[in-house]
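What follows is each chain in one-letter form.
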Amino acid sequence: MDRRDFIRKSIQAGLLAGTAASVGRFPNLLAYTNLHSPNQYDLVAIKGGEPDLMFDKAIESLGGMKAFVKKGQKVVVKPNIGWDVTPDRAGNTNPVLVKRIIQHCYEAGAKEVYVFDNTCDDWKRCYSNSGIEKAVKDAGGKIVSGDSERYYQQVEVKKGKKLKETKVHELILESDVFINVPILKNHSSTELTISMKNLMGNVWDRGYWHRNDLNQCIADFSSFRKPDLNIVDAYYILKENGPRGVSKGDVVLMKSQIISTDIVAADAAAAKLFGLEPATISYIKLASDMKLGQMDLSKLNINRIIL
Amino acid sequence: MNFMKLKIVRVYVALFFFFITSILFLDIIHILPSYITPYLLYFQFVPSTIKFFNQFSILATGFIIVIIVTLIFGRLYCTSVCPLGTLQDIISRMALFINKKKYFRMLNDFKLLKYSILTMTLISIFSGSLVLLNLLDPFSLTGKIFSNILRLLLIPVNNLAAFTLEQFDVYKVYPVELKALSWLAIVFSSSILLIIGIMSFTKGRLYCNTVCPVGTVLGLTSRFSLFKITIDEYECSGCGMCETVCKAGCIDNENKIIDFERCVTCLNCFTVCPSNGIVFKSSFPAFSNNRGSQVDNDKRKFFTRFFIGVIGLSEFLRAQVKIIPKKESTLPVIKKVYTTPPGSMGTEHYYSNCTACHLCVSACPTHVLQPSFLEHGWLNILQPYLDNSAAYCTFECVRCTEVCPTEAILPLSVEKKRILQIGKTNFVKENCVVETEGTACGACSEHCPTKAVIMIPYKNNLKIPEVRNEYCVGCGACEYACPTQPYKAIYVEGNPVHQIAKEAPEERFEQEVNYKEKFPF
């Protein structure tokens, strides 16, 4: 009973925050920055280093992880673990980065850090071959299955145009802090998969999205519970044959990373990095139209770091 | 000799084999490495025999040892190695526990029935269908019972544990999601368990001595055993204790006869005999007997004729069951051939070697392997097929090829698996979301491990799937991922003979990235 109450409360809180946020110019910043001191930067882009080192520098310029994670909080880190491929194939988020993020969370006083994904390929193979299971365990985090429908709770997507309700993993609903850690990849149907598309791993029935205007559903779900932080891994990126990739030949070593609390801004910057105009990516445009974030990078205060 | 101790050893050996067999089928979270399976199932008679004639390997010689042991001591196999035998013993033990006054009696020997069943089974085997063997072989039946009943009961128990622990923030035990259920397999296995359960509850090893083709074969073999259990007429006091404990029902104490063909060498009779009335008697002198050799000649003639008859009849039947390719169908979602597991080489090898023990069904991590109903046709009922509506075959997984006890699924390296084409993909544009709804999808192409399904430009800035079957491995990921209902817009048609796919060309990108260059924003 306790847990049910807790879930209900956290959904209510989330909806309240969402409603409050919708009036602001940077809704997601408003929703979450009221917990900590306002950030100097809206977005940090960094390149030229290893994933963990780049994250150290980037998060530092946003005031460190303690600006996002408070003592005793439950944190959920959601990387992309969709495919049964090794890290150098760029199908999944880099495990080195995932490990460092978890370490930062614990240093900031997190009570517990959970990691999961609703994978496409066999989940046990994905968790193990992506190197993420080991990374999470090494960092002291908890790796959780996303492979059972019973983990997913029915929720309402208030702002959704096509996606009105869906089943969401309980960790997303129960955790105090939600950190989204996608990898920047080519995608066969949506051109790119970055932060917003990565949220598809939070839900049980992806088929519904595919049947009912995929791009609109991606934008819709981004309005549900926006991540407190989006960390785009662009160390290895998949240039072609995404999202799974066929061989190492599809991969380019970009050594980059983008961090933002604004999911639309993060995706827009990542798209630029990939070499595409954000407005040409259907769901980025749709999310911008729904005022879920800022697609126009010229309006943002960006910290660009070249190591 | 202390037969009590020997019997205890026999019971432990039986429990050991029962345990390792059950754990293979009930390992729902796959902790056991699959490569140990052939060692654990080395002695299983039918799997070993099929494997031996399939492709000779030292790991397939178990049945020869079983025959040798039978030729020395009789049907020890039935009482110690056979998992169905032990299951029946457990059930008849329960019967004895419930009704303490229960005892066994000499049973009728259903000679005609058991030899007819064996004959028909052999005829069907030689004519290329394993259907009878699949329905009667004790190992496969045990497999079906474990895989389709006990495993399915174990999964909710595991999941309950997982969700209970989760309340305490422990995620180490994880739930197992059942992607599909084969009702036929469940109903069949439950009926078999019920029938054999009742038979063993009331009459002990009745199944083994009337139905089981392995029991009949080993029974015939044990006619020539070196040592046979017999009643020593001088030592026997005629108390009849031995008959009451004989679960095979093969002791006639009144006439002091033991029908050794039906005896499973469980040693129960030794342990209760108050005198030394039960003995292992060497049957060597019988061979030097002249009268005996005459009988042997008759037998030889009989067996020669019998086998010629069996093979002749089976050749006739084989001609009847040839797989005739069906006509082109206008309904695109009706599959003509269902995919057989990777390593099975194609329908012919697979159909004629799989005994439907369902170990691969238990071992398959994605549950794409499911017992078939009519997917492979009546003659191959219950043999597993790839159910792509439930899941798809993992690109680099070869678990089923490692566990198959009969080598109906031959071992396969991951390198070979990557280019093995078990089926081909068909795209039904009329069903596709991109065509019908005019919205983006591409779930099929997303999941394709070889990019045999690519997205090509289509009207209104959309992209639509295109299939390049030369790269297709037939895993069924596209079919599984396809969101359309009720009919899929993309599906895999099994290859009757597995083929080799082309390796997808490697794309190479400019690796020279200038990390000092400014950001494009």
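Residues numbered from 1 in each chain as written. Chains lettered and ligands numbered in written order. Predicted model: local features only at pLDDT ≥ 70, side-chain atom pairs only at ≥ 80, totals over all residues. Heavy atoms only, no water.

Student: Please explain the overall build of chain B as it appears in this structure.
Tutor: Helix and strand content of chain B: 23 helices and ten strands. Taken along the three principal axes of its C-alpha coordinates, chain B extends 105 × 60 × 45 Å. Every one of the 521 residues in chain B was classed for burial, and the buried ones make up 53%. For chain B, the proportion of contacts with a sequence separation of at least 24, taken over those separated by at least 6, is 73%. Counting only carbon and sulfur atoms, one obtains 64% of the accessible surface of chain B, whose full area is about 25,000 Å². One way to put it: in chain B the 50 positive side-chain charges average out to a point 8 Å from where the 40 negative ones average out. (Helix = DSSP H or I, 4+ residues; strand = E, 2+ residues; numbered from the N terminus. Buried < 20%, exposed > 50% of the residue type's maximum accessible area, 1.4 Å probe, protein only. Contact = heavy atoms within 4.5 Å. Areas by Shrake-Rupley, 256 points an atom, 1.4 Å probe, with all protein chains shown as cover. Lys, Arg positive; Asp, Glu negative; His and termini not counted. Charge placed at Lys NZ, Arg CZ, Asp CG, Glu CD.)

Student: Whenever I open this one, the nonpolar core confuses me. Can you help?
Tutor: Considering soluble globular proteins, one finds that nonpolar side chains tend to be buried as a cluster. In this structure, M65, I101, I179 and L184 of chain A are the most contacted members of the largest nonpolar core, which totals 100 residues. Sequence-distant contacts of I101 of chain A, defined by excluding residues within four places in its chain, comprise F55, M65, V77, I179, V181 and I231 of chain A. By size, the runner-up hydrophobic cluster in this structure holds 61 residues, among which are L130, F139, I258 and V403 of chain B. (Core = buried A, V, L, I, M, F, W, Y, C linked by side-chain atoms within 4.5 Å.)

Student: Can you walk me through a nonpolar patch on the surface in this structure?
Tutor: Residues and elements named next belong to chain B. A surface patch of nonpolar side chains, about 920 Å² in accessible area, is lined by M4, I8, Y12, L15, I90, M94, F97, I98 and F201. At the level of secondary structure, the elements contributing two or more residues to the nonpolar patch comprise α1 (3-26) and α6 (83-98). Topologically, L15 is positioned in helix α1. Judged by its relative accessible area of 38%, L15 is partly exposed. (Patch = residues over 30% accessible without salt bridge, like charges linked within 9 Å, V, L, I, M, F, W, Y side chains within 5 Å. Salt bridge = Lys/Arg side-chain N within 4 Å of Asp/Glu carboxyl O.)

Student: Sorry, what's going on with unusual backbone geometry here?
Tutor: In the segment running from G242 of chain A into P243 of chain A, the intervening peptide bond is cis, with an omega of 5°. Backbone geometry places A90 of chain A, a non-glycine residue, at a positive phi of 60°. Mapped onto the secondary structure, A90 of chain A falls in the loop between β2 (74-79) and α4 (95-107). A positive phi angle, near 55°, is found at K451 of chain B, a position not held by glycine. Inspection of the secondary structure assignment puts K451 of chain B in the loop between α22 (443-447) and β8 (453-457). A relative accessible area of 4% means that K451 of chain B is categorised as buried.

Student: Just to check I follow, could you spell out the interface of chain A and chain B for this structure?
Tutor: How large an interface is tends to be reported as the accessible area lost when its parts come together. Facing the 66 residues of chain A at the interface are 54 residues of chain B. When the area that chain A buries against chain B is broken down by residue, the three leading residues are S188, H210 and R211 of chain A, summing to 12%. The tally of links from chain A across to chain B stands at three salt bridges. The partner of D169 of chain B in a salt bridge is K142 of chain A, with the nearest N and O atoms 3.2 Å apart. Summed over the shared surface of chain A and chain B, the result is 21 residue pairs in polar contact (both at pLDDT 80 or more). Residues that form the side of chain A that touches chain B fall into these classes: 27 nonpolar, 14 polar and 25 charged. (Buried area = accessible area lost by both parts, 1.4 Å probe. Polar contact = N/O pair within 3.5 Å; in protein donor to acceptor, adjacent residues only side chain to side chain. Nonpolar A, V, L, I, M, F, W, Y, C, P; charged D, E, K, R; others polar.)

Everything listed here is a matter of coordinates, which is why it stays silent on function.
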